[in-house]
Amino acid sequence: MNAPVKTDNAELIVPEGVFAETVLSVTHYTDRLFRFRMTRPAGFRFRSGEFAMIGLMVEGKPIYRAYSIASPSWDEELEFFSIKVPDGPLTQHLQRIQPGDKVLMRKKPTGTLVLDALTPGKRLYMFSTGTGIAPFASLIRDPETYEKFEEVILTHTCRDVAELKYGFDLVDEIKNHEFLAELVGDKLKHYATVTREDYPFKGRITDLIENGKLFTDLGVPPLDPAVDRGMICGSTAMLKDTKELLEKAGLTEGANNKPAEFVIERAFVG
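Just so it is clear, the structure is predicted and the values come from calculations on it, not from any experiment. (Residues numbered from 1 in each chain as written. Predicted model: local features only at pLDDT ≥ 70, side-chain atom pairs only at ≥ 80, totals over all residues. Heavy atoms only, no water.)

Concerning the UniProt feature "domain: FAD-binding FR-type" (unreviewed entry) in the chain
UniProt records the feature "domain: FAD-binding FR-type" (unreviewed entry) at residues 16-116, using the numbering of this structure. In this annotation, residues 16-116 is assigned 4% helix and 46% strand; the end-to-end C-alpha distance for the span is 30 Å. (UniProt positions renumbered as here; feature names shortened; annotations may be inferred. Helix = DSSP H or I, 4+ residues; strand = E, 2+ residues; numbered from the N terminus.)

Right under this line is the structure:
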């Protein structure tokens, strides 16, 4: 295995159109999940919910993958939440980064999980599985989300209870934040479920939508295209099944150039 490029590597050659940023902190949640924060380039702009191509130099060549920016657009640092893939071309190296190491990032962010791609509504659902929570980590910490919606429901489904911790950490951070706490108030609801362990809330989110348990547990009415909006980020199967359920409820898929009732991020599947 090749070690990630270190800060003291004076020979690091940064490709054109790419930032080289410094890792500030790394948190390992499980043997499969970790998050890291790094410096934000001066002048780097993005909309909460967008993703960037981040990478490392491996054997003298840059390797990039699409990663949602988990920090909100106002944050002075950039945060990412990643899975660990033992033989992944990038993640086998990325999971071993330490504070002080350099991470590459291409200069142009993009993505469909942005507020601009949705028509006005009352209630915003963010449906996520695994690391699909990352773009919503950005959006639930953005004041604009609460200016546009009266109620924000973040669903996060993982295999095991330990994998839910990042989501709970985010909500705790908001509750204890000097200005977000008052702004968010009780507008944010966090609905966490697991599929492989006993837990108060258990099951695939698609099953919980279909059988109505999601809405009963939250005390809200079933999906209504007149007031409900949705964002979806997760596995290929989850995207497909959730999309079908939203369309069955009468919601229409939107995009940056054609806002509608729900949007999907497809950059991380396939």
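So that's the structure; there's more coming.
Section: the packing of aromatic side chains
By convention here, two paired aromatic rings are described through the distance between centres and the angle between planes. Under the defined criterion, the tally for this structure stands at 12 aromatic pairs. Between Tyr 125 and Phe 127, the aromatic rings sit 5.3 Å apart at their centres with planes inclined by 5°, giving stacked as the arrangement. Pairing Tyr 191 with Phe 201 gives two aromatic rings, centres 5.2 Å apart and planes at 55°, and the pair type is tilted. Taken as a pair, Tyr 191 in strand E9 (residues 188-194) and Phe 201 in the loop between E9 and helix H6 (205-210) lie far apart in primary sequence, 10 residues in all. According to the relative accessible area criterion, Tyr 191 is buried, its value standing at 3%. On the basis of relative accessibility, which here comes to 32%, the residue Phe 201 falls in the partly exposed class. The structure contains a cluster of three or more aromatic residues connected by ring pairs, namely Phe 34, Phe 36, Tyr 67 and Phe 80. Over the ring of Tyr 64 we find Arg 106, and its NZ or CZ is 4.1 Å from the ring centre. A cation over a ring is seen here: Lys 107 above Phe 19, with NZ or CZ 5.0 Å from the ring centre. (Phe/Tyr/Trp six-rings, centres within 6.5 Å; stacked < 30°, edge-to-face > 60°. Buried < 20%, exposed > 50% of the residue type's maximum accessible area, 1.4 Å probe, protein only. Lys NZ or Arg CZ within 6 Å of the ring centre and 35° of its normal.)

Brief notes about the nonpolar core
Within the largest apolar cluster, 31 residues are counted, with the highest numbers of intra-cluster contacts made by Met 126, Phe 136, Ile 140, Tyr 166, Leu 188 and Met 231. Residue assignment for this core shows that the elements contributing at least two residues are strand E7 (123-129), helix H2 (134-139), strand E8 (151-158), helix H4 (165-175), helix H5 (180-184) and strand E10 (228-233). Both domain 1 (18-106) and domain 2 (115-266) contribute no fewer than three residues apiece to this core. If we skip the residues at most four places from it in the chain, Met 126 touches Phe 136, Leu 139, Ile 140, Thr 145, Val 152, Ile 153, Leu 154, Thr 155 and Met 231. (Core = buried A, V, L, I, M, F, W, Y, C linked by side-chain atoms within 4.5 Å. Domains from an automatic or database assignment. Contact = heavy atoms within 4.5 Å.)

A short note on unusual backbone geometry
Here the phi dihedral of Glu 59 falls at roughly 55°; this positive angle occurs in a residue that is not glycine. Its relative accessible area of 67% is what places Glu 59 among the exposed residues.

Details of the sheet that holds strand E3 (residues 51-58)
Taken in spatial order, the 6 strands line up as E4-E3-E6-E1-E2-E5 in an open sheet, and their pairing is antiparallel. Either end of the sheet is taken by a strand with one partner, and the two such strands are strand E4 (61-68) and strand E5 (77-83). Across the sheet, the axes of successive neighbouring strands diverge by a mean angle of 40°, strand direction being ignored. (Pairing = 2+ DSSP bridges. Axes fitted to C-alpha atoms, helices over the stretch in contact; angles between N-to-C directions.)

What to know about the side chain of Thr 157
Looking at the secondary structure, you find Thr 157 in strand E8. On the basis of relative accessibility, which here comes to 7%, the residue Thr 157 falls in the buried class. In this view, Thr 157 contacts Ser 128, Thr 129, Gly 130, Thr 193, Thr 195, Gly 203, Arg 204 and Ile 205; residues no more than four positions away in its chain are not counted.

Looking at the environment of Asp 186
Its location among the elements puts Asp 186 in the loop between H5 and E9. Taking relative accessible area as the criterion, Asp 186 reaches 67% and is therefore assigned exposed. Considered as a pair, Asp 186 and Ala 260 are 74 residues apart in the sequence and their alpha carbons are 26 Å apart.

Focus on the sheet that holds strand E11 (residues 262-264)
The sheet built from 5 strands is open, its strands ordered E9-E8-E7-E10-E11 with parallel pairing. Edge positions in the sheet fall to E9 and E11, since each has one partner strand and no second. Strand-to-strand, the axes of this sheet are offset by a mean angle of 10°, without reference to chain direction. In the sheet, E8 pairs with E9 via 7 bridges, with the strands oriented parallel.

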